[in-house]
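Fold and contact review
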Amino acid sequence: MQENRPGDLPRLRAKAMKLPLRPGVYIMKDSSNKIIYIGKAKALKNRVSQYFGSQNKHSGKVRTMVSKVCDFDYVVTDSEYEALVLECNLIKLHSPHYNILLKDDKGYHYIRVTNEEYPRITVVKQLPNDDSRLIGPYTSSSTVNGSVDEANRIFRLSTCKRRFPQEIGKGRPCLNYSIKQCMAPCRGKITPEEYREAVDQAIEFLQGGTEQSIRALTAQMEEAAENLEFEKAAQLRDRINALNGIGARQKVVMAKVEEQDVFAVSQSAKEACCVVFRFLGGRLVDSQSFMLGEIESPQNALSQMIRQYYSIRDRIPPRIALDVEAEDQPLLEQWLSEKAGRRVTITVPQRGEQARLTQMCRQNAAEHLANPRGRLGSHAAALDELGRLLGLPKPPEYIEAYDISNTAGESNVAGMVVFEDGLPLKSAYKRFKIKTVVGQDDYGSMREVICRRIQEYRAHEGEEGFGRLPSLILLDGGEGHVAAIKPLIEASGLDIPVFGMVKDDKHRTRAIAAGGGEIAISGNRAAFTLVSSIQEEVHRYAITYHRQSRSKSVKGLSLTRIEGIGPTRAKALLQQFRTVGAIKEASVDELAAVRGMTRSAAQAIYDHFRLEE
């Protein structure tokens, strides 16, 4: 696929600027006239012209797509809703490479109910070319296989290879009949009508879940008992008991909402994952995950996911819960409601059971995203949550944190710790001895450290360590620290978000300073835990360095009291002998051998400690 030629972007932008300010669908094509992207717009001119302007504001995926565009077509519609419907239909028809696309039908599993006198219920992956009834699709093979096995066992349906009615009475029943897992139509004592009734009950169980099936079977059992059909009532009772057994054994997530789907997206710097939970009868019956590659935003990804997901499905639940609001959410509700023939509601729960479900769904997406990279899902979820909380375009995978430490302005130092993928990267830690600030001036000290950090980046750009820019800088301090540092970052031309970590009166993380106020963080458990661990680590690292520096300073000060020993000679002696005790035990020759020392100065040190004794 060739990239567009020089001059194509101005030509395409000029063409886009002639588009009407009306709703519609735009169709991007490559050099071979193949459709590579389809999108909708509230105002075609505004939306399409954005693609062919400055490329710095686009994600990597969008920049790559734009580089392949050689031409585009468009269709004007009467409303934005009509544009959404047309976009869904065209994406389903053409499957453009740069749209979010779900697996095709070959990746799904279906429940197949054969159309014969004694129907069979099985699981198929390829669509059969016959008149069988299909239920689905499902992406979880274990879920659908387990459900079909349970249905066949509970309703005692035949799973053997015999053909009915051709082989009725031609052999003894198999083991399944003996253990009461098959009603054995091979004996010829079960009529097709009775068998089909059991098949219908099994289908109702597969489609409606355990609770709904129990209610229906209970009503049938009571009716059979009233009609004095005690044998039939006993069979129904056994099926109800079997279904209650399933309910007692299953360790699944329950919800008060009878039927709903839950969507959540977790994002890393280069890719994203969407997970869908399906609930029937208040019970989690299926979970599906979709890797989306690089996305513009969780809101945009959810909008595209919902359109693609329900374009290939007939079943649409009355309620859909999202972890964040999707783009065009009112239009999506209207489209889904018309498609389902009833009201469909899309919600973004903020508290209670439903909020916990969306959080669990997002955690699952984070696990799927983290596993291929060998990370923990909790770390991916924390970074995703922190990125959203701070309004960052992507989760901050490489974080630098800074803290200043001194004692009344003496032994003034700073520590820098690095967290990569939510974990400490100790090989990248750095220590700074403050050089230009005298006295206790935390703001001035922090400015010096960040200026030196920027200078090191300029000198080592592209290398490991200082040559790598962080995706987020956290300062141990409040709004004052942020206000002191942000102008330096902006003046450097670097695009690095800067925030402060605010402590309470017990030195625990309380909030994040944003330069114009504080962001509460305690309600976001994963992000709170991550920021707290970063703040504790940078404080530990800075204060440890400060104590070491102060200890050396005190030791050096004791040596400078000796005649002929200044700060330079004291430092050289400590570097050589490490401790004052070792210097005290050294001979005159050993002392004189230190760089910068003279024989007389060595003798003065030797005599000083002997006089002390």
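Everything that follows concerns the structure shown earlier in this document.
Residues numbered from 1 in each chain as written. Predicted model: local features only at pLDDT ≥ 70, side-chain atom pairs only at ≥ 80, totals over all residues. Heavy atoms only, no water.

Things to note about the overall build of the protein chain
Using the following cut-off: Going along the chain from the N terminus, every DSSP run of H or I of four or more residues is numbered as a helix, and every run of E of two or more is numbered as a strand. With a 1.4 Å probe rolled over the protein chains alone, any residue whose accessible area is under 20% of its type maximum counts as buried; one over 50% counts as exposed, and the rest are partly exposed. Contacts: residue pairs with any heavy atoms within 4.5 Å of one another. Calculation of accessible area relied on Shrake-Rupley with a 1.4 Å probe; when residues are assessed, cover is drawn exclusively from the protein chains displayed.
A count of helices and strands for the protein chain gives 20 helices and 19 strands. Across the 613 residues in the protein chain, those meeting the buried criterion constitute 47%. Taking as baseline every contact in the protein chain between residues at least 6 positions apart, the subset at least 24 positions apart corresponds to 62%. Taken as a whole, the protein chain presents about 30,700 Å² of accessible surface, with 48% of it coming from carbon and sulfur.

Focus on the sheet that holds strand 1 (residues 24-29)
Note the threshold: What makes two strands pair is DSSP finding at least two bridges between them. In this analysis, axes come from line fits to C-alpha atoms, helices being fitted only over the stretch in contact, and the angle between any two N-to-C directions falls in the range 0 to 180 degrees.
In spatial order, the strands read 2-1-3; together these three strands make up an open sheet with antiparallel pairing. Sheet topology places strand 2 (35-41) and strand 3 (71-76) at the edges, where each strand pairs with a single neighbour. In this sheet, neighbouring strand axes are inclined to one another by 20 degrees on average, regardless of whether the strands run parallel or antiparallel. Sitting on the sheet, helix 2 (residues 44-51) is in contact with strand 1, strand 2 and strand 3, with an inclination near 25 degrees to strand 1.

A word on the packing of helix 4 (residues 80-94) against helix 11 (residues 329-340)
How two helices sit against one another is set out by the angle between their axes and by the gap between those axes. Let me state the cut-off plainly: When the near helix sits turned anticlockwise from the far one by under a right angle, the crossing is termed left-handed; a clockwise turn instead gives a right-handed crossing. For this classification, the nonpolar set comprises Ala, Val, Leu, Ile, Met, Phe, Trp, Tyr, Cys and Pro, the charged set comprises Asp, Glu, Lys and Arg, and every other residue, Gly included, is treated as polar.
Between helix 4 and helix 11, the shortest axis-to-axis distance is 10 Å and the interhelical angle comes to 65 degrees. For the pair helix 4 and helix 11, the crossing hand works out as right-handed. The residues of helix 11 that touch helix 4, namely those facing Glu80, Tyr81, Leu84, Val85 and Cys88, are Leu331, Leu332, Gln334, Trp335 and Glu338. When the residues that make up the contact of helix 4 with helix 11 are grouped by side-chain class, the tally is seven nonpolar, one polar and two charged.

Focus: the nonpolar core
Rules: As used in this record, nonpolar core signifies buried Ala, Val, Leu, Ile, Met, Phe, Trp, Tyr and Cys residues forming a set joined through side-chain atoms within 4.5 Å.
One finds Phe263, Leu292, Tyr310 and Leu336 to be the most contacted residues of the largest nonpolar core, which totals 29 residues. Among the elements of the structure, helix 4, strand 7 (260-267), strand 8 (272-280), strand 9 (283-293), helix 10 (298-311), strand 10 (319-322) and helix 11 are those that each provide at least two residues to this core. It is helix 10 that provides the largest number of residues to this core, a total of six residues. Formed by 27 residues, the second largest nonpolar core is a distinct cluster that contains Val144, Val148, Ile154 and Ile240.

Some points on helix 10
Formally: One fewer than the residue count of a helix, multiplied by 1.5 Å, yields its expected span.
If you check helix 10, its first and last C-alpha atoms are 20 Å apart, about what 14 residues at 1.5 Å a residue would give, namely 20 Å. Among the 14 residues that make up helix 10, 13 are buried, leaving the element largely enclosed by the rest of the structure.

Let's talk about the packing of aromatic side chains
What counts, and what does not: The criterion for an aromatic pair is that two Phe, Tyr or Trp rings (for Trp, the six-membered ring) have centres within 6.5 Å, with stacked assigned to planes under 30 degrees apart, edge-to-face to planes over 60 apart and tilted to the rest.
On inspection of all chains with the given rule, the structure shows 13 aromatic pairs. Taken together, a centroid distance of 6.2 Å and an interplanar angle of 45 degrees make the contact between Phe432 and Phe466 tilted. Taken together, the residues Phe432 in strand 15 (residues 430-433) and Phe466 in the loop between helix 14 (442-460) and strand 16 (472-475) connect sequence positions 34 residues apart. Judged by relative accessible area, which is 3%, Phe432 ranks as buried. With relative accessibility at 14%, the residue Phe466 sits in the buried group.

A look at empty space enclosed by the protein
Rules: With a 1 Å grid spanning the protein atoms alone, the term cavity applies to any set of points in which a 1.4 Å probe fits but cannot get out, the term pocket to an open set with protein on both sides within 12 Å along at least five of seven lines, and the term lining residue to any residue with an atom within 4 Å of a point. Grid points are joined across faces, edges and corners, and a volume is the space filled by probe spheres set on the points.
Following the criterion strictly, the structure yields four cavities of 30 Å³ or more and no others. Approximately 150 Å³ is the volume found for the largest cavity. Along the wall of the largest cavity there are 14 residues; nearest its centre are Lys61, Val62, Tyr98, Glu296 and Gln304. Listing elements by their share of the lining of the largest cavity, those giving two or more residues are helix 3 (60-68) and helix 10. By volume, the second largest cavity amounts to about 50 Å³. Taken together, Ile450, Arg453, Ile454, Tyr457, Leu469, Pro470, Ile473, Ile489, Leu494 and Ile496 make up the full set of residues lining the second largest cavity. Among the elements that line the lining of the second largest cavity, the one with the most residues is helix 14, at four residues. By residue class, the composition of the lining of the second largest cavity is nine nonpolar, no polar and one charged.

Concerning the side chain of Glu400
Put simply, the test is: Polar contacts, as counted here, are pairs of nitrogen or oxygen atoms within 3.5 Å of one another; within protein the pair requires one atom able to donate a hydrogen and one able to accept it, and residues that are adjacent in sequence qualify only if both atoms are side-chain atoms.
In this structure, Glu400 sits in strand 12 (residues 398-407). A distance of 2.8 Å separates the side chain of Glu400 from the side chain of Arg453, its partner in a polar contact. Beyond its immediate chain neighbours, meaning those up to four positions away, Glu400 contacts Met416, Val417, Val418, Arg453, Arg468, Pro470, Leu472, Ile473 and Leu474.

Looking at the pattern of salt bridges
Pairing between side chains of opposite charge can happen when the charged atoms of each approach one another. Our working rule: Whenever a carboxyl oxygen of Asp or Glu lies within 4 Å of a side-chain nitrogen of Lys or Arg, that contact is scored as a salt bridge.
Per the counting criterion, the structure on display carries 19 salt bridges. Across the pair Arg510 and Glu518 runs a salt bridge whose closest N-O atoms are separated by 2.8 Å. Members of the salt-bridge network, linked through shared partners, are Asp323, Arg362, Asp384 and Arg388.

Some words on the packing of helix 14 against helix 15 (residues 479-492)
How we decide: With respect to orientation, any angle under 35 degrees is reported as roughly parallel, any angle over 145 as roughly antiparallel, any angle of 65 to 115 as roughly perpendicular, and every other angle as oblique.
Interaxial distance between helix 14 and helix 15 falls to 9 Å at its minimum, and their mutual angle equals 25 degrees. When the axes of helix 14 and helix 15 are compared, the pair comes out roughly parallel. Between helix 14 and helix 15 the crossing geometry is right-handed. Where helix 14 abuts helix 15, its residues Asp442, Tyr443, Met446, Arg447, Ile450, Cys451, Ile454 and Arg458 lie against Gly480, His481, Ala484, Ile485, Leu488, Ile489 and Ser492. Broken down by class, the residue content of the contact of helix 14 with helix 15 amounts to nine nonpolar, three polar and three charged.

Functional significance is not addressed by these values, which are geometric in nature.
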